[in-house]
Amino acid sequence: MELRLPLEVAALLERLQARGYEAFAVGGCVRDALRGETPSDWDVCTSALPEETIACFPDCTVHRTGIRHGTVLVLFRGAGYEITTYRTEGGYTDHRHPDEVHFVRTLEEDLSRRDFTINAMAYNPQVGLVDPFGGQADLRSGIIRCVGAPEERFREDALRILRALRFAARLGFAIDPETEAAMFRQRDGLDCIARERIFTELKGFLCGAYVLPLLLEGCELLAQFLPELRPMFGHPQNNPHHCYDVWEHTAHAVDAVRPEPVLRLAMLFHDCGKPDCYTVDEQGVGHFHKHPQRSAQLAEAALTRLHCDNRTKEDVVLLIAWHDRLHHVSRATVGRMLAALGPRRAALLMEVIQADDRAKASAYAQSDAKDLAEARALLEQLLKEGFCLSRQDLNISSRELMELGASGPEIGRVQEALLREVQEGALENQAAVLRRRGKELLNG
């Protein structure tokens with residue numbers, strides 16, 4: 001098995017080998033290269049101790065940030081490479097970080113500490129592929145399998161549970177039954193993981209091309225750190241617009257939207273408030289009045305807890321709050337939506353609504369698609385016309401309103417009234433029209 005290494009990586013390995021040390025590309029870069037992908041970065045492991053590694057690169061800048069765990073970052077020929085000494089790890093009291101690290105001199109000892117077989121392979125041009133745990137076979141078969149005993153791997157680092165989901169969702173691989181069973185048994189360990197690390201893995205998982213079956217089968221793993229999701233599991237809708245329960249609808253809606261974190265997070269949470277809002281009418285039909293507002297509240301709380309950045313959180317919460325407001329499409333409703341969200345978020349909302357519709361009963365798909373197409377056309381038309389997004393876009397100034405007799409807070413009130421009427425299409429944004437209407441508003 002021969003892999004084509006970048007010239008810089010091959011030269012880096014040769015530099016270490018010329019000093020008498022073993023050196024290999026290792027982990028995810030080998031996995032991706034075997035799949036015919038171009039790795040985003042190349043990690044290197046070596047038999048050299050950290051100080052010995054540094055001595056091999058006297059002409060390079062070296063960052064010692066991870067030296068306690070055996071890793072140094074070497075800036076070599078214009079790029080940064082993490083080089084890590086072969087190591088094994090002690091206990092994992094916090095289920096995340098090793099209590100201690102022991103440097104070892106054999107590659108197989110180092111590979112034995114890694115999470116999954118497909119990540120426990122190493123390569124250099126002289127030796128070829130080193131694969132003591134069957135990673136290449138699992139890669140061909142499409143299997144995520146722990147190195148060694150799964151229970152032990154997840155006790156060491158519970159974040160590996162979410163890494164397994166992310167790899168399966170990204171690659172379309174099946175999770176080995178023994179590995180999967182251990183994931184569920186050890187899921188309490190996720191309670192010890194830093195929330196921001198969980199959020200990073202969650203986004204990667206949600207944006208996987210094969211996320212749908214994992215959402216349906218692994219929902220209890222997600223509920224371990226997102227209890228807001230659990231009430232949706234198996235909750236009936238009893239509504240002719242829906243062919244799935246609330247969680248099944250959610251999973252299909254996530255899968256139906258473009259794999260961008262904001263959009264997939266919005267679909268994950270868009271109906272999480274439904275169980276709290278559920279009522280049944282006299283005909284036995286289920287309703288979820290005001291569920292977007294409740295869902296937005298729950299999503300905001302969950303994303304805050306996960307240390308989500310403010311921009312993403314605001315985007316997701318607004319999209320959820322607005323996802324069910326375009327039932328009766330008109331210039332006025334689309335104008336209000338555009339005024340509240342702005343062009344970027346309005347375009348995202350159209351994607352959210354489309355994904356929501358695609359996860360409903362097919363009998364309603366045609367009419368929903370027609371409404372959405374109409375809303376999109378109106379949105380494009382409004383933007384083409386130079387839609388007023390704020391008072392600054394009105395073709396009447398504060399000075400002109402003062403000349404009409406407005407003063408103090410009255411100026412702002414009139415501007416807001418004019419803006420609202422322009423946005424709803426009741427008034428043209430022309431100077432003469434605005435002056436006339438402003439005068440009417442002032443004269444009461």
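Look up a bit, the structure's there.
Residue numbers restart at each chain and count upward from 1, following the sequence in its written direction. In keeping with the predicted nature of the model, local features appear solely for residues at pLDDT of at least 70, side-chain atom pairs appear and are counted solely at 80 or more, and the whole-chain, interface and lining totals rest on all residues. Water and hydrogen atoms were dropped before computing side-chain values, which therefore reflect all heavy atoms in the structure.

Participant: What is the right way to look at the pairing of strand β4 (residues 71-76) in this model?
Facilitator: A regular strand places its side chains so that they alternate between the two faces of the sheet. Two strands pair when backbone bridges link them, and strand β3 (residues 61-63) and β4 are joined in this way by 3 bridges, in the antiparallel orientation. Note on β4: the bridge partner recorded for Val-62 is Val-74. Between β4 and strand β5 (residues 79-85), which pair antiparallel one after the other, the connecting turn spans 2 residues, and Arg-77 there sits at a positive phi close to 55 degrees. When DSSP locates at least two bridges between a pair of strands, those strands are taken to pair. Numbering of helices and strands starts at the N terminus; helices are DSSP runs of H or I of at least 4 residues and strands are runs of E of at least 2.

Participant: So what exactly am I meant to see when it comes to the side chain of Thr-179 here?
Facilitator: By the secondary structure assignment, Thr-179 is in helix α8 (residues 177-185). Burial classes follow relative accessibility: with a 1.4 Å probe on protein chains only, a residue under 20% of its type's maximum area counts as buried, one over 50% as exposed, and anything between as partly exposed. Under the relative-accessibility criterion, Thr-179 is labelled buried at 0%. Under this definition, polar contacts are N or O atom pairs within 3.5 Å; protein pairs additionally need one hydrogen-donor-capable and one acceptor-capable atom, and for neighbouring residues in sequence, both atoms have to be side-chain atoms. At 3.1 Å, the side chain of Thr-179 and the backbone nitrogen of Cys-146 are in polar contact.

Participant: I would appreciate a short explanation of the nonpolar core in the present structure.
Facilitator: One broad rule of soluble globular proteins: the nonpolar side chains tend to lie buried together. Leu-202, Phe-205, Leu-215 and Phe-269 are the most contacted members of the largest nonpolar core, which has 116 residues in total. Broken down by element, the residue count for this core peaks at 11 residues, all from helix α17 (residues 331-358). Contact criterion: two residues are considered in contact whenever any of their non-hydrogen atoms come within 4.5 Å of each other. Once you skip the residues sitting within four places of it in the chain, Leu-202 turns out to touch Leu-222, Phe-225, Leu-226, Leu-265 and Leu-306. Each nonpolar core is a collection of buried residues, namely Ala, Val, Leu, Ile, Met, Phe, Trp, Tyr and Cys, held together in the definition by side-chain atoms within 4.5 Å.

Participant: What should I look at first to understand the packing of aromatic side chains in this one?
Facilitator: We describe a pair of aromatic rings using the distance from one ring centre to the other and the angle between the two ring planes. Between rings of Phe, Tyr and Trp, where Trp is taken as its six-membered ring, a pair exists when centres lie within 6.5 Å; planes separated by under 30 degrees are stacked, by over 60 edge-to-face, and by other angles tilted. Counted according to the given criterion, the structure contains 4 aromatic pairs. With centroids separated by 5.8 Å and ring planes inclined at 80 degrees, the aromatic side chains of Phe-57 and Phe-76 adopt a geometry described as edge-to-face. Separated by 19 residues along the polypeptide, Phe-57 in the loop between α3 (50-55) and β3 and Phe-76 in strand β4 bring together distant segments of the chain. Given a relative accessible area of 2%, Phe-76 falls into the buried group. Ring centres 5.0 Å apart and planes at 70 degrees place the aromatic pair Phe-233 and Trp-247 in the edge-to-face group. Of this pair, Phe-233 sits in the loop between α11 (219-223) and α12 (246-256) while Trp-247 sits in helix α12, placing them 14 residues apart in sequence. For Trp-247, a relative accessible area of 4% puts it in the buried group. To sit over a ring, a charge needs its Lys NZ or Arg CZ within 6 Å of the ring centre and within 35 degrees of the ring normal. Above the ring of Phe-288, the side-chain terminus of Lys-274 is found at 4.7 Å from the ring centroid. One Lys or Arg, Arg-325, reaches over the ring of Trp-322 and ends 4.2 Å from the middle of that ring.

Participant: Help me understand the pairing of strand β1 (residues 23-26), please; the structure alone is not making it clear to me.
Facilitator: Along β1, one buried face is formed by Ala-23 and Ala-25 and the opposite face, lined by Phe-24 and Val-26, is buried too. Pairing geometry for β1 and strand β2 (residues 44-46), over 3 bridges, is antiparallel. Note that in β2 the partner of Phe-24 across the bridge is Cys-45. Strand direction decides the pairing type here: β1 and strand β8 (residues 122-124), joined by 2 bridges, are antiparallel. Residue pairing for β8: Val-26 is matched across the bridge by Ala-122.

Participant: I keep staring at unusual backbone geometry and nothing clicks. Help me out?
Facilitator: Note: most residues except glycine have negative phi, and most peptide bonds are trans. Backbone geometry at Lys-290 places phi at a positive 65 degrees, although glycine is not the residue there. Mapped onto the elements, Lys-290 comes out in the loop between β13 (286-288) and α15 (291-305). With a phi angle near 60 degrees, His-307 is a residue other than glycine that sits in the positive phi range. Along the chain, His-307 turns up in the loop between α15 and α16 (310-322).

Participant: When you look at the environment of Ile-118 in this model, what are you seeing that I'm missing?
Facilitator: In this structure, Ile-118 sits in the loop between α4 (107-111) and β8. For Ile-118, a relative accessible area of 0% gives the class buried. As a C-alpha pair, Ile-118 and Ile-143 span 25 residues in sequence and 8.4 Å in three-dimensional space. Residues contacting Ile-118, with those up to four places away along its chain left out, are Arg-31, Gly-135, Asp-138, Leu-139, Ile-143, Ile-144, Leu-171 and Phe-173.

Participant: For this particular structure, what's the right way to read the packing of helix α9 (residues 195-206) against helix α13 (residues 261-269)?
Facilitator: Axes are the key here: two packed helices are described by the angle between their axes and the distance separating the axes. In the contact formed by α9 and α13, the axes pass within 9 Å of each other and the chain directions differ by 90 degrees. With respect to their mutual orientation, α9 and α13 come out roughly perpendicular. Together, Phe-199, Leu-202, Lys-203 and Leu-206 of α9 and Pro-261, Arg-264, Leu-265 and Leu-268 of α13 make up the contact between the two elements. Polar here means any residue outside two lists: the nonpolar Ala, Val, Leu, Ile, Met, Phe, Trp, Tyr, Cys and Pro, and the charged Asp, Glu, Lys and Arg; Gly therefore counts as polar. Partitioning the contact of α9 with α13 into residue classes produces 6 nonpolar, no polar and 2 charged. Note on definitions: angles span 0 to 180 degrees between N-to-C directions of axes, and those axes are lines fitted to C-alpha atoms, for helices only across the stretch in contact. Orientation categories follow fixed angle ranges, with anything under 35 degrees roughly parallel, anything over 145 roughly antiparallel, 65 to 115 roughly perpendicular, and all other angles oblique.

Participant: Sorry if this is basic, but what is going on with helix α1 (residues 7-18) here?
Facilitator: Because an α-helix packs 3.6 residues into every turn, residues spaced three or four apart end up facing the same way. How far a helix is expected to stretch is found by multiplying one less than its residue total by 1.5 Å. Taking 1.5 Å as the rise per residue, α1 with 12 residues should run 16 Å; its terminal C-alpha atoms sit 16 Å apart, in good agreement. Considered for burial, the residues of α1 that qualify are Val-9, Ala-10, Ala-11, Leu-12, Leu-13 and Leu-16. Where the residues of α1 are buried, they touch β1, β2, α3, β4, β5 and β8. Backbone geometry just downstream of α1 places Gly-20 in the positive-phi region, at approximately 95 degrees.

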